[in-house]
Structure formats: C-alpha cells, structure tokens
Amino acid sequence: MTLANIMKLALRQLDEAAEDIAEYDELFRSYANMGYMIALRLFLKPRETFELTTDAQGRADISALPVMRVVEMRNAQGRPVRFFLSADGRTIETEEKNADVQALCEVEWPALEADTDEPRLPQYAHPALADYICYRHLSSGNLAKQSRAEFFRQSFYQQMRTINPQGAGSVTRMQNLYAVTDARYGR
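All of the points below concern the structure found in this document. (Residues numbered from 1 in each chain as written. Predicted model: local features only at pLDDT ≥ 70, side-chain atom pairs only at ≥ 80, totals over all residues. Heavy atoms only, no water.)

### Describing the environment of L40
Line of reasoning, step 1. With respect to the element layout, L40 can be found in helix α2 (residues 21-44).
Line of reasoning, step 2. The buried category is assigned to L40, whose relative accessible area is 3%.
Line of reasoning, step 3. Residues L40 and P119, spaced 79 residues apart in sequence, show a C-alpha to C-alpha distance of 9.7 Å.
Line of reasoning, step 4. Sequence-distant contacts of L40, defined by excluding residues within four places in its chain, comprise K45, P46, W109, R120 and L121. (Helix = DSSP H or I, 4+ residues; strand = E, 2+ residues; numbered from the N terminus. Buried < 20%, exposed > 50% of the residue type's maximum accessible area, 1.4 Å probe, protein only. Contact = heavy atoms within 4.5 Å.)

Printed below as a string of structure tokens:
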C-alpha cells in the first residue's frame, strides 16, 4: 500500500468522507510516520552491511551513515573484530588499523513523504499503519473516542508483533550458553 492508500484507509475506518483527505493530510502523514518509525525501530530492526576502512588508530567514520546500532564487525578474512562506538557515536573503534572491515548494522530508513511512498514493511503489515493513525487521531477525544482508540492501538501492536526482525531465528553466539541457563546452581 502507498502512503495515500494508508491515509484513505484510515479515513474509512474513522467514518470520514474520502474527499476530506486534504483536511487531515499533514496530521495523518505525521501519525503514519510515527507508526512507521515504531515498526522499524522496535519490530523490523532493518540491517545493512557497510564496507568501511579504518585509519591508523583503528577508527572508522560512520557519521554519514544511517546507523542505529552496530551488531557485529568482521575483517577482510571474515573473522570477528572487537569494536566499540565512540562516545559521540560518530566512529567505530577497532583493533584493525588501516584495514578494510565490514560492519553489520541496524539502520534507520527514511520517513514516508510522497503519496506514492510504500513502507518497507511486509505487505500484510501496511494496514497497521492506518490503525496507528486512527489510534493517534482518536486518543485525544472524549471517553467514547478513547475507547475506540484503544482498539486501534491494540490492533496496531498485534500486527507489529507478527513481524520478525531481520536476522531473527539464528544463533550468533553460543559462548557461555549453558552457564547462563544452568538451573543446578539456583540462578
């Protein structure tokens, strides 16, 4: 669904006339993007791999990249590299000096702006953004509207919980797994 289709669906769910879209356009766009950012950051958690080059101190600049969180880094041979983010979050510091590294990162995708923009979510989750618009629109009303708003909020989050984060379903580290889950020691 496009952003325009999502906003029209929200109007239908609110029992408003489709020709009144201009009246709600700016507000609904804002609400749709709020819901979209929640879907991306908390549920989908999109990932991308970036090819970076470290300097003589082992730092790689990521200030121009849409990085939310660095998941892992690997050197040119594919071996894991220890890393940490600088205090300002603009560089990744590693032990690899003057080397090429790959960083797997959770990223932020751009907001929906044009009417033809489609959310980068699974197709089945697109109508949930209309539910989020309805929830936000009704939540500031009287008690009856707030009750309806709660239905739309629950519907949005129910649909979001069906989205699997990118990279889910794979075990990436087995180190100390049994020490953490061992019930013999009363932990």
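### A closer look at the sheet that holds strand β2 (residues 59-61)
Line of reasoning, step 1. One open sheet holds the 3 strands; their spatial order is β2-β5-β4, and the pairing between them is antiparallel. Of all strands in the sheet, those bounded by a partner on one side alone are β2 and β4 (83-85). Across this sheet, the average inter-strand angle for adjacent strands is 25°, counted without regard to direction.
Line of reasoning, step 2. Where β4 meets strand β5 (residues 91-94), 3 bridges bridge the pair, whose relative direction is antiparallel. Bridging from a neighbouring strand, F84 pairs with E93 of β5. (Pairing = 2+ DSSP bridges. Axes fitted to C-alpha atoms, helices over the stretch in contact; angles between N-to-C directions.)

### Some details on the pairing of strand β6 (residues 100-107)
Line of reasoning, step 1. With 7 bridges joining them, strand β1 (residues 47-53) and β6 adopt antiparallel strand pairing. Across the sheet, residue T49 finds its bridge partner in β6, namely L104.
Line of reasoning, step 2. Pairing of strand β3 (residues 67-75) with β6 involves 7 bridges; the strand directions are antiparallel. Looking at the pairing, R69 lines up with E106 of β6.

### Topic: the packing of aromatic side chains
Line of reasoning, step 1. Within this structure, the stated rule accounts for 6 aromatic pairs.
Line of reasoning, step 2. Ring geometry for Y24 versus F28: centroids 5.1 Å apart, planes at 20°, classification stacked. With Y24 and F28 both in helix α2, this residue pair falls 4 residues apart, about one helical turn. Comparing Y24 with F28, the two get one shared label, buried.
Line of reasoning, step 3. For the ring pair F151 and F152, a centre distance of 5.3 Å and an interplane angle of 70° mean the geometry is edge-to-face.
Line of reasoning, step 4. For F151, a relative accessible area of 53% corresponds to the exposed category.
Line of reasoning, step 5. Relative accessible area serves as the criterion here: at 6%, F152 is assigned to the buried category. (Phe/Tyr/Trp six-rings, centres within 6.5 Å; stacked < 30°, edge-to-face > 60°.)

### A closer look at unusual backbone geometry
Line of reasoning, step 1. Backbone geometry at K45 places phi at a positive 50°, although glycine is not the residue there.
Line of reasoning, step 2. Given the relative accessible area of 31%, K45 is considered partly exposed.
Line of reasoning, step 3. Residues other than glycine seldom take positive phi values, yet N98 does so here, at roughly 50°.
Line of reasoning, step 4. In this fold, N98 is placed in the loop between β5 and β6.

### Examining the nonpolar core
Line of reasoning, step 1. Membership of the largest hydrophobic core comes to 47 residues, with the highest contact counts inside it found for F28, Y36, L52, L121, I133 and M160.
Line of reasoning, step 2. Elements supplying a minimum of two residues to this core: α1 (3-13), α2, β1, β3, β6, α3 (126-138) and α4 (143-160).
Line of reasoning, step 3. Element by element, the count of residues in this core is highest for α2, at 11 residues. (Core = buried A, V, L, I, M, F, W, Y, C linked by side-chain atoms within 4.5 Å.)

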